[in-house]
Amino acid sequence: MPNLSRKIKWFFYKLFSMLSVIRGYNVLVVLVAQYVTSIFILSDKNSYKEVFLDTSLFCIVFASAITIASGYIINNFYDSEKDLINRPQKYHLDRLVSQQTKLTIYFIANFIAVIIASYVSFRAVLFFSSYIFGIWLYSHKLKRILLVKNLVATFLAILPFFAIFIYYKNYDAVIFVHAIFLSLIVFMRELIKDLENLRGDVAVGNRTVPIIYGESLAKKILIGLVIACIITAMVLIYKYPLGKMHYFFWMTSGILLIFWVLLKKSTTKKQYVLLHNLLKFVIVSGVFSIMLIEPTWLKSFY
């Protein structure tokens, strides 16, 4: 019995390690975001029940979740040396699962994602095959190229939403403005990560804006993005009917002003982590604030 107890504990340690590798909370946020976006923005003519019981949508969302999880695995595989410097605790937790096991799960997950996509259409297979290749190319090559890494990472982060956007064929201008706002926030997060991970990037020879041009220029770019985000938020508030979601954009504008003030004073990893967490809060709260859009609250579940 003691041996069995140890084996069970070891199994849960490894399970927790794998959840850390695939960043399960991030995958869950994207999954929820895709469904919330489908219900409250893209499929305004369908009831909640129709959206939840849509098999094709489920396949797209599930394939997206698996592909994103596998993306974190391959990223973790290539970033192990940098993570040892930047996130030593996470590194040691992630190492409970061997590199070989991670690669095996990576290939199996990608295969499953493509099989699931095949239930939707051949175009879906092409989309997810390209998405998988893009994530691998980013992790293997592109993330070492100055600025390209930030742009590609931003594009890959919002790509799952384009999958459901294409599926519903909803081309309203407000959706593009929302996409611009999200892209700006994600791009800011990528630049903050460069400031946060400065030591590790220097150690492995990565070329980032803070390393090549200095922290001062990186901060100036971030301030420019803050201004662009606030302008985009104002456009959404005053030009489009957002119902009570406009409160989110007012709140976000306030948070971005606080971000601006803190950014000017930030010099340490701990301070950059705080700024990173502020942007995470904006992204996660933005997902759930979509439910405040009217008149979609009036849609019947049946």
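For the structure itself, consult the block above.
Residues numbered from 1 in each chain as written. Predicted model: local features only at pLDDT ≥ 70, side-chain atom pairs only at ≥ 80, totals over all residues. Heavy atoms only, no water.

## A few points about the pattern of salt bridges
Overall, the coordinates contain three salt bridges when judged by the stated rule. The shortest N-O distance in the salt bridge between Asp-194 and Lys-149 comes to 2.8 Å. Highlighted residues: Asp-194 in helix α10 (residues 173–196) and Lys-149 in helix α9 (residues 148–168), separated in sequence by 45 residues. The residues Asp-194 and Lys-149 share a single accessibility class, namely buried. Across the pair Glu-190 and Lys-193 runs a salt bridge, and its minimum N-O distance is 3.5 Å. In this pair, Glu-190 and Lys-193 both sit in helix α10, three residues apart, roughly one turn of the helix. Glu-190 sits in the buried class, given a relative accessible area of 3%. (Salt bridge = Lys/Arg side-chain N within 4 Å of Asp/Glu carboxyl O. Helix = DSSP H or I, 4+ residues; strand = E, 2+ residues; numbered from the N terminus. Buried < 20%, exposed > 50% of the residue type's maximum accessible area, 1.4 Å probe, protein only.)

## A short note on helix α8 (residues 122–140)
Taking 1.5 Å per residue, 19 residues should reach 27 Å; α8 reaches 27 Å between its end C-alpha atoms and fits that length. Where α8 is buried, its residues touch α4 (55–78), α7 (99–118), α9 and α10. For α8, the N-terminal capping position is held by Ser-121, with its side-chain oxygen 3.4 Å away from the main-chain nitrogen of Arg-123. (Expected span 1.5 Å × (residues − 1). Contact = heavy atoms within 4.5 Å. Polar contact = N/O pair within 3.5 Å; in protein donor to acceptor, adjacent residues only side chain to side chain.)

## Some words on α4
Along its 24 residues, α4 runs 35 Å from first to last C-alpha, staying within 8% of the 34 Å computed at 1.5 Å per residue. With 18 of its 24 residues buried, α4 lies for the most part within the structure. Between the side-chain oxygen of the N-cap and the backbone nitrogen of Ser-56 there are 3.0 Å, and the N-cap of α4 in question is Asp-54.

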